[in-house]
Amino acid sequence: MLILVAILLVVMFFMSSRTRKQQREAAEFRNNLTVGTKVMTASGMIGTVLDVDDETDQVTIESFPGSPTTWLRAAISKKIEEPLADDADTDDASDESEVTTDGETASTISPDTKDVPDDLSELDTAKREYQEQQRRDAEADGK
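All of these numbers come straight from a predicted model, not from anything done at the bench. (Residues numbered from 1 in each chain as written. Predicted model: local features only at pLDDT ≥ 70, side-chain atom pairs only at ≥ 80, totals over all residues. Heavy atoms only, no water.)

Visitor: Would you mind going over the overall build of the protein chain in detail, with residue names and values included?
Guide: The number of helices and strands found in the protein chain is 3 helices and 5 strands. Walking the protein chain from its N terminus toward its C terminus, one meets helices and strands in the order α-β-β-β-β-β-α-α. The buried share among the 143 residues of the protein chain stands at 9%. Contacts in the protein chain between residues far apart in sequence, at least 24 positions, make up 30% of those at least 6 positions apart. Total accessible area computed for the protein chain in this model is approximately 11,900 Å², and 55% of it derives from carbon and sulfur atoms. (Helix = DSSP H or I, 4+ residues; strand = E, 2+ residues; numbered from the N terminus. Buried < 20%, exposed > 50% of the residue type's maximum accessible area, 1.4 Å probe, protein only. Contact = heavy atoms within 4.5 Å. Areas by Shrake-Rupley, 256 points an atom, 1.4 Å probe, with all protein chains shown as cover.)

Visitor: Can you explain the sheet that holds strand 2 (residues 46-53)? Please cite residues and give values.
Guide: In a beta sheet, neighbouring strands are held together by backbone hydrogen bonds and run either parallel or antiparallel to one another. Taken in spatial order, the 5 strands of this open sheet run 4-3-2-1-5, and their pairing is antiparallel. The strands lining the two open edges of the sheet, one partner per strand, are strand 4 (67-72) and strand 5 (76-79). Direction aside, neighbouring strands of the sheet carry axes that sit 45° apart on average. As paired strands, strand 2 and strand 3 (residues 58-64) are joined by 5 bridges and run antiparallel to one another. Residue pairing for strand 3: Asp53 is matched across the bridge by Gln58. Seen against the sheet, helix 1 (residues 2-31) touches strand 1 (38-41) and strand 5 and runs at an angle of roughly 85° to strand 5. (Pairing = 2+ DSSP bridges. Axes fitted to C-alpha atoms, helices over the stretch in contact; angles between N-to-C directions.)

Everything listed here is a matter of geometry and, on its own, says nothing about what the molecule does.
This is the structure:
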């Protein structure tokens, strides 16, 4: 019984120390905010820091050009890192222009919309027609 209590206390100590470390890092980040940093608030709004007022602990963020909003410093949750453009992104663009087996490029293929139902009421009919076509194809292959 004593061993179980000791293990529980050790686990609680490690969990609380990790939490304290995360809180310390978050507070340090908020105290070192600089103009031009892209951040996310606790509510999920993403924007760029325009001004930091140390006296009132307020941060002005611009999420859309010309629309600054003022937030408490504590509402800033994390820094947003800009994704780096790499060679993998440029390779994907070249794949889109490859020629298909019918001689069309991927960007010129238009979807076949005549088999797509317009609303939910046609789903049963479309399903029956599809199954009937599958049955006909199976019979044709068997003959």
